[in-house]
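Overview (structure and organization)
Residues per chain are reported as follows:
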Amino acid sequence: MAFIAMFFATIFLVVVLVGLGILLIGIALDIIWGVMKHKQKKVHAVHKVFAVLLTIIGAIAGIGPLAAIGIMKVTDDIKERAEISDMPEENFVYVDNFSDIYDGFDYHGAHYVELDDYDIYPQRSHENFKEEPVGAVIEDSGDHRLIYSVENLLGLEILDIEYSKVFVDESKVDEIVDYYSNKAQYYCQVNRSDKDFSFDVEDIDSGRVREIRSLVREQGMAYLPDGLEYSDSDGYMLFYSIDDMVCEDFTWWETDDGLLLASGARYLYLDDGDAGFIRSIVDK
């Protein structure tokens, strides 16, 4: 990707430099034309044609791309200012550099911190993940990133910073982590190795899912049993909270020794009851 970007940048630079060179030649011919005309000397038609042609071509190739970039920059600046022009001042967070927000920031009288350290990763591409722009983080340079308010099952203020992370009121971290770790309702996306499509299963017994997760992570083996490969699994399950704020994943193998389940880099053969619960989901 970097090579392609450099390649096009080089082409752009070459075109502009060649264009400016042609423009200089055209301007030189224009000046000579003007001087000869002033001295009432005859200017050949070929001279006139080349003077006009080279000036036009040079201007298009040398100045045109630079002008286009300048216009695009001005247009983008206008659009950026317009998208936050109607937002209240109290919804703006001012920083020296965008990276400052990772140390936390104050918003509406509370101190906000990122949630990355607590295994809460919103599934932004999912349809259940909904948010709306409410403010902006504004850098000293004037550049900004939008602040989005995220709809969530708890009804708390959760902020998603454009091209960045999710942040919450520091005093609400324990409540949010406890809810999504132990209480949030799940739905499941099942991906079976014998099918070329995935399907969703609603109304999951989320408490049972968490019990199995804890069992596997606490009692499971650190390595796959001999003879099994991760790539040979019968499929994997993705459990999402119904607001798409978090995700748990299981991978399973049907073996002669029973159903083997993986979670958190641990592997455990399930008893008949737990195995039956998993099969009731993946066999729908």
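Residues numbered from 1 in each chain as written. Predicted model: local features only at pLDDT ≥ 70, side-chain atom pairs only at ≥ 80, totals over all residues. Heavy atoms only, no water.

Moving on: the side chain of Gln189. Within the secondary structure layout, Gln189 lies in strand β8 (residues 186-192). For Gln189, the side chain forms a polar contact with the side chain of Asn191, separated by 3.5 Å. Apart from residues no more than four positions distant in its own chain, Gln189 is found in contact with Ser198, Phe199, Asp200, Tyr236, Met237, Leu238 and Tyr240. (Helix = DSSP H or I, 4+ residues; strand = E, 2+ residues; numbered from the N terminus. Polar contact = N/O pair within 3.5 Å; in protein donor to acceptor, adjacent residues only side chain to side chain. Contact = heavy atoms within 4.5 Å.)

What follows is about the confidence of the model for the protein. For the protein, per-residue confidence averages 86 on the pLDDT scale, and 88% of positions sit at 70 or higher. Averaged pLDDT values over the elements of the protein bottom out at 69 in helix α2 (residues 45-84) and peak at 97 in strand β13 (residues 266-269). (pLDDT = per-residue confidence, 0-100.)

Attention now moves to the packing of aromatic side chains. Enumeration over the complete set of coordinates arrives at eleven aromatic pairs. With 5.5 Å between their ring centres and 35° between their planes, Tyr187 and Tyr240 make a pair best called tilted. Residue Tyr187 is found in strand β8, and its partner Tyr240 is found in strand β10 (residues 235-241); the two are separated by 53 residues along the sequence. Residue classification places Tyr187 among the buried positions, given a relative accessible area of 7%. One aromatic cluster is present, built from ring pairs that chain together Tyr102, Phe105, Tyr107, Tyr112 and Phe167. For Arg210, the ring lying beneath its charged end belongs to Tyr186, and the centroid distance is 4.5 Å. (Phe/Tyr/Trp six-rings, centres within 6.5 Å; stacked < 30°, edge-to-face > 60°. Buried < 20%, exposed > 50% of the residue type's maximum accessible area, 1.4 Å probe, protein only. Lys NZ or Arg CZ within 6 Å of the ring centre and 35° of its normal.)

Bringing the pattern of salt bridges into the picture now. One side chain can pair with another of opposite charge once the charged atoms of both are near each other. Taken as a whole, this structure holds eight salt bridges when the rule is applied. Among the salt bridges present, the one from Glu248 reaches Arg213, with a minimum N-O distance of 2.6 Å. Of the two residues, Glu248 is situated in strand β11 (residues 247-255) and Arg213 in helix α4 (residues 206-219); the sequence distance between them amounts to 35 residues. Among the ionic pairs, Glu254 bridges to Arg279, the shortest N-O distance being 2.7 Å. Taken together, the residues span a long stretch of sequence, with Glu254 in strand β11 and Arg279 in helix α5 (residues 272-282) at a distance of 25 residues. Connected through shared salt-bridge partners, Arg192, Asp194 and Asp283 make up one network. (Salt bridge = Lys/Arg side-chain N within 4 Å of Asp/Glu carboxyl O.)

This brings us to helix α3 (residues 173-182). Those residues of α3 lying buried are Val173, Ile176, Val177, Tyr179 and Tyr180. Taken end-on, α3 shows its buried residues confined to a sector of 165°, consistent with a single buried face. (Arc of directions from axis to C-beta.)

With phi around 55°, His108 is a residue other than glycine that occupies positive phi space. With respect to the helices and strands, His108 occurs in the loop between β2 (105-107) and β3 (110-114). Given a relative accessible area of 48%, His108 falls into the partly exposed group. For Asp244, which is not glycine, the phi dihedral falls at a positive 60°. Take Asp244: it is sitting in the loop between β10 and β11.

What follows covers the environment of Tyr267. Its location among the elements puts Tyr267 in strand β13. Judged by relative accessible area, Tyr267 falls into the buried class, the value being 11%. In the structure, Tyr267 is positioned 49 residues away from Glu218 in sequence and 9.9 Å away in space, judged by C-alpha atoms. When neighbours within four sequence positions are excluded, Tyr267 is seen to be in contact with Val216, Gly220, Met221, Ala222, Tyr223, Leu224, Tyr230, Trp253, Leu260, Leu261 and Ala262.

For the rest of this paragraph, the subject is the sheet that holds strand β4 (residues 131-139). Taking strand neighbours across the sheet as the criterion, the seven strands line up as β1-β4-β5-β6-β7-β3-β2 in an open arrangement whose pairing is mixed. At either end of the open sheet lies a strand with only one pairing partner, and these are β1 (92-95) and β2. Ignoring strand direction, the axes of neighbouring strands in this sheet form an average angle of 35°. Here three bridges tie strand β5 (residues 144-150) to strand β6 (residues 158-161), and the two strands are oriented antiparallel to one another. Looking at β6, one finds that Tyr148 is bridged to Asp160. (Pairing = 2+ DSSP bridges. Axes fitted to C-alpha atoms, helices over the stretch in contact; angles between N-to-C directions.)

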